[in-house]
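The lines below spell out each chain.
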Amino acid sequence: MSQINIRRTLLLLLFPGGVFLCFFFLAPLLFVLVESFTGLDGGVTLQRYISVLKDPQFRQVYFRTLKIGLIVTPLAVLISYPSAYVINNLSVGRKSALMSLVILPLMTSPVARTFAWIIILGRFGLINQSLRALRLIDEPLRIMYTEGAIVIGLLQLFMPLMVLTLVSALENIPDEVEEAALSLGSGRVGCFFRVIVPLSFDGLIMGVTLVFTGCITAYVTPAILGGSRVLTLSTLMRQQALVLMNWEAATVIAVVMIATTLVLYNSLRLIRPKNL
Amino acid sequence: MNKSLKVFLYCIILSCSVSLVFAAGVEEEGAAEAAEEMPYKGQTLTVSMWGYNMDLLEKNVLKPFEEKYGVKIVTETGNNSARFTKMVARKDNPIVDIVLFAGAYSYKAIQEGIVKPYDPGKLQNLAEIMEPARDPLGGRYAIGYTIQHLGLCYRSDKVKPIKSWKDLFNEDLKGFLSIPQLTTTYGPTIIYMLSKAWGGSYDATDVGWAKLEELSDSILTAYARSSELQTLLQQEEVYAAPYASFAWGNISAIGLPIVSVIPEEGLVGSFSMVSIANGTKNEDLAHLYIDHLLSYEVQLSEAMDLVDSPVRGDIKLPEDVAGKLTYGEDLIRKLHFFSQKEMAAVEKEWIEKWNRIFTK
C-alpha cells in the first residue's frame with residue numbers, strides 16, 4: 001500500500017470518532033469558552049472572571065476542591081502502583097480474574113455506591129461498629145458529611161482507573177528490561193523506582209490526569225458524602241446554574257475546572273524523564 | 001310447504017333482517033358515541049412532574065386518566081430545578097404540556113414565560129377547591145392541586161420533646177439535627193420561622209439569619225430532598241428535623257418512635273402547583289388533566305394513600321389518615337403562606353449568606 005493510501009485509510013478510520021468529538025465535545029467546549037468571555041453587550045470582556053475570582057467564597061471552594069484532588073490522587077498512586085505491578089506479573093488467568101475485580105466497582109451506579117458508603121461510614125455504620133467492637137472508641141466517629149468522607153468515596157471511585165492505566169503501561173515494558181536490571185546488580189526496590197516507574201511514566205501521567213480530573217469534577221460523591229457543609233466546584237457550579245440560573249458564573253467555573261486539569265497535565269509532562 | 005310454515009319463515013327472515021339493520025344502526029351509533037366520548041384517543045400528553053411516590057401516582061392519577069380518555073401520558077420526572085432548566089432551554093420548541101412545580105418554581109416559570117394562563121371555564125372542578133388554591137400566584141397561571149405544610153418531627157426516645165422552633169437549639173440535638181437546604185421549597189421558610197421564634201416577626205430576618213448561624217453547629221447536614229431526610233432518620237444520623245408533610249407517610253413507616261408536632265409559632269403552608277406549558281399543542285387535553293387532578297376521585301385516592309393532601313372541601317377522610325395529612329379546618333387555619341415574589345427577590349443574597357455559614 002502506498003504512503004498516500006495508508007494516510008487516506010487512517011483518516012477514514014479517524015473520521016467517525018473525530019466527527020463525534022467535534023460535535024459533542026469540542027463544539028460545546030468552544031461555546032462555553034466563548035460564552036465565558038462574552039459581556040452583556042456581546043463584546044469581549046473579563047468581567048465574568050473578575051467577579052467570580054474576586055469572590056472569597058469561590059476561592060475557598062476552589063482551594064478545597066484542589067486540596068481534595070491533591071489528597072486523593074497521590075493516595076490512588078500509592079495504593080494502585082503495587083497492585084498494578086503484582087497484577088501485571090501474574091499468569092494470564094489470575095490476571096484477568098483480578099482485573100475483573102478491579103473493574104467491578106465501575107459497573108455499579110455511582111449513586112448506589114455512594115449510598116452504600118452512607119451505611120459504611122455512618123454513626124452506626126461498619127467502621128464505627130468495628131472500632132467500637134475493638135474498644136478503640138467509646139463514641140461513634142463523625143465521618144459522614146466531612147471532607148474525609150469525600151476523600152474515601154473518591155478514592156474508591158477512581159482507583160480502578162489508576163490501576164487500569166498503570167497495568168496497561170506496565171504491560172508494555174518487556175520482561176527482559178527488569179531481568180537485565182536485576183542481572184546488572186540492581187535490587188528489586190531500586191529496579192522498581194529506577195527502571196519500572198520511569199518506563200511506565202506515561203501511564204502514570206494518564207492515570208494521575210484521569211483521577212485528578214475526576215476528583216475536581218465529580219458531583220454525586222461530594223454532594224452525597226459531603227452534604228451541605230462541604231461545597232466543591234461541581235456542587236457550586238450546579239447551584240449557580242440550576243438554582244440561581246447564573247450561567248455566567250457557571251461557565252467561568254467550568255473553564256476554571258478545565259484550565260486546572262490542563263495545567264496539571266502539562267506540568268506532569270514537563271517533569272517526564274527526558275530520555276524516554 | 002304449507003301456508004302457515006311459509007308465513008312463519010317470512011316472519012323469521014323479516015325479524016332477522018330488522019334486527020341486523022337495528023344492530024348495525026346501534027353499532028354505528030355506539031361507535032359515534034365512543035368517538036364523541038374519546039375525542040383525544042391516541043393522543044399523547046407530556047407531564048413534567050416529581051418522581052416521588054411514582055407507583056402510587058401511576059395508580060391514582062395517570063392510569064385512570066389514560067383509561068378515561070384513551071390517551072397516553074409520557075412523564076418527565078426530576079426535581080424542580082432540573083425540569084425548570086430543561087423547559088427554559090426548550091422554550092421555543094416545548095415538548096411538555098403540563099408541569100407540576102413547587103410555588104417558587106411556578107413563580108419563576110411565570111417570569112420566564114414558560115407557562116400560560118388556564119381557562120377557568122374549562123375546569124369544572126375549580127369551584128370545588130379551596131379559594132386560595134385557585135389562583136395562588138395571580139394571573140391564573142397556576143393552581144394549587146395539593147396543600148402541604150412544614151412541621152417538626154423528633155425522636156421521642158432520644159431527645160427532649162420539641163414544642164417550638166426554639167427547641168431546635170436544645171443541647172441534646174447538637175449534631176443530630178437536619179434542616180431542608182435553602183434551595184428547596186421550604187429552605188427559605190426556615191429563616192422566617194427562626195425570625196418569628198426569636199425576633200417576634202417573620203420580617204425580622206436579621207435575627208433569623210443570626211440564629212441560623214448559631215444553629216449551624218447543631219446541624220449535621222441540610223437535606224436536598226425528603227427521601228434524604230428519610231434515610232437520615234432511618235440510619236439514626238439525625239433525631240429531629242423540619243419535614244414536609246407529604247413525606248410523613250414514608251417517615252412514619254420507618255418504624256422508629258418519631259413524633260410530629262405543630263410548633264407554637266404555627267406551620268408553614270404551601271401548595272404544589274400545576275400549570276399549562278406555554279406553546280402546548282394539547283391545550284384542551286391539558287385542561288382535562290388539571291380537572292382530573294382536582295376531581296373528587298383523584299383527590300380522595302391520593303389522600304388515602306398519603307401521597308397528597310386534598311384541596312377540595314368535600315373530601316372526608318378517616319381519622320387515622322387525616323392525622324397524617326395537611327387536613328382539617330383547624331390545621332389549615334394555622335398555616336402561613338409566604339410570598340413567592342418576596343422569596344424570589346432575596347434568593348441570590350440568601351444563597352450567598354447560606355453558603356458563607358455552611359462552608360465555613
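Cut-offs applied
- Residues numbered from 1 in each chain as written.
- Chains lettered and ligands numbered in written order.
- Predicted model: local features only at pLDDT ≥ 70, side-chain atom pairs only at ≥ 80, totals over all residues.
- Helix = DSSP H or I, 4+ residues; strand = E, 2+ residues; numbered from the N terminus.
- Buried ≥ 20, exposed ≤ 12 C-beta atoms within 10 Å, placed from the backbone.
- Contact = placed C-beta atoms within 7 Å.
- Axes fitted to C-alpha atoms, helices over the stretch in contact; angles between N-to-C directions.
- Parallel < 35°, antiparallel > 145°, perpendicular 65-115°, else oblique.
- Core = buried A, V, L, I, M, F, W, Y, C linked by C-beta atoms within 7 Å.
- Left-handed = near helix turned anticlockwise from the far one by under 90°.
- Nonpolar A, V, L, I, M, F, W, Y, C, P; charged D, E, K, R; others polar.
- Domains from an automatic or database assignment.
- Pairing = 2+ DSSP bridges.

S.K.: Provide a residue-level description of the overall build of chain A, including the pertinent values.
M.R.: If you tally the helices and strands in chain A, you get 13 helices and 0 strands. Written out in order from the N terminus, the α and β elements of chain A read α-α-α-α-α-α-α-α-α-α-α-α-α. If one aligns the C-alpha atoms of chain A with their principal axes, the spans along those axes are about 70 × 65 × 30 Å. In chain A, which comprises 276 residues, the proportion classed as buried is 32%. Within chain A, counting contacts between residues at least 6 apart in sequence, those at least 24 apart form 72% of the total.

S.K.: Summarise the packing of helix α4 (residues 103-112) of chain B against helix α14 (residues 340-358) of chain B; cite the residues concerned and give the values.
M.R.: Residues and elements named next belong to chain B. α14 packs onto α4 with a crossing angle of 80 degrees between their chain directions and a minimal axis gap of 9 Å. Comparing their axes, α14 and α4 come out roughly perpendicular. Contact residues: G103, A104, Y107 and K108 in α4; Q340, K341, M343 and A344 in α14.

S.K.: Residue-level account of the nonpolar core, with values.
M.R.: Counting residues in each nonpolar core, the largest one holds 97 residues, and the members touching the most others are A:F158, A:I253, B:L177 and B:A240. No other element matches the 16 residues that helix α7 (residues 147-171) of chain A contributes to this core. Excluding its chain neighbours within four sequence positions, the residues that come into contact with A:I253 are A:V52, A:L233, A:L236, A:M237 and A:Q240. With 52 residues, the next largest nonpolar core counts B:V61, B:A102, B:A142 and B:V298 among its residues.

S.K.: Could you give an account of the environment of B:N170, naming the residues involved and the relevant values?
M.R.: Residue and element names in this part refer to chain B. By the secondary structure assignment, N170 is in the loop between β5 (143-155) and β6 (177-180). In this structure N170 comes out as partly exposed when scored by C-beta crowding, with 17 C-beta atoms within 10 Å. Along the backbone, N170 and L194 are 24 residues apart, and their C-alpha atoms lie at a distance of 14 Å. The residues contacting N170, other than those within four sequence positions of it, are V159 and K160.

S.K.: Lay out the packing of helix α12 (residues 233-243) of chain A against helix α13 (residues 247-270) of chain A with the relevant residues and their values.
M.R.: Residues and elements named next belong to chain A. Taken N-terminus to C-terminus, the directions of α12 and α13 make an angle of 155 degrees; their axes are 8 Å apart at the nearest point. Between α12 and α13, the crossing angle belongs to the class labelled roughly antiparallel. For the pair α12 and α13, the sense of crossing is left-handed. On α13, the residues that touch L233, L236, M237, Q240 and A241 of α12 are W247, A249, A250, I253, A254 and M257. Broken down by class, the residue content of the contact of α12 with α13 amounts to 10 nonpolar, 1 polar and no charged.

S.K.: Summarise the domain arrangement of chain B; cite the residues concerned and give the values.
M.R.: Residue and element names in this part refer to chain B. According to the domain assignment, chain B consists of domain 1 (44-147 + 270-327) and domain 2 (148-269 + 340-358). When each unit is reduced to the centre of its C-alpha atoms, the spacing between domain 1 and domain 2 is 26 Å. Contact with domain 1, which involves 18 residues of that partner, is made by 17 residues of domain 2. Where the side of domain 1 that touches domain 2 is concerned, the elements lending two or more residues are α4, β5 and β10 (267-277). Here the element with the most residues in the side of domain 1 that touches domain 2 is α4; it accounts for 4 residues. Across the side of domain 1 that touches domain 2, the residue classes tally to 8 nonpolar, 7 polar and 3 charged.

S.K.: Quick one: what's the story with the interface of chain A and chain B, residue by residue and with numbers?
M.R.: Between chain A and chain B, the contact holds 17 residues from the first and 18 residues from the second. Secondary structure elements with two or more residues in the side of chain A that touches chain B: α3 (56-88) and α12 of chain A. Taken together, the residues of the side of chain A that touches chain B break down into 9 nonpolar, 6 polar and 2 charged.

S.K.: Quick one: what's the story with the pairing of strand β7 (residues 219-223) of chain B, residue by residue and with numbers?
M.R.: The side chains of a regular strand alternate, residue by residue, between the two faces of the sheet. All names here are of chain B. Where burial is concerned, most of β7 is hidden: 5 out of the 5 residues are buried. Relative to β7, β6 is paired through 4 bridges, and the arrangement is parallel. Each bridged residue has a counterpart across the sheet, and for I179 the counterpart in β7 is A222.

S.K.: Outline the pairing of β5(B), listing residues and values.
M.R.: Residues and elements named next belong to chain B. For β5, the tally of buried residues reaches 11 of 13 residues, placing the bulk of the element in the interior. Both β5 and β10 contribute to a ladder of 7 bridges, which runs antiparallel. Bridge assignment links I143 to a residue of β10, and that residue is V274. For β5 and strand β8 (residues 240-244), the ladder comprises 5 bridges, and the chain directions are antiparallel. Residue C153 lies in a different strand from β8, and its bridge partner there is A241. Summarising the sheet, β5 and strand β9 (residues 258-261) pair through 4 bridges and their orientation is antiparallel. Note that in β9 the partner of R155 across the bridge is I258.

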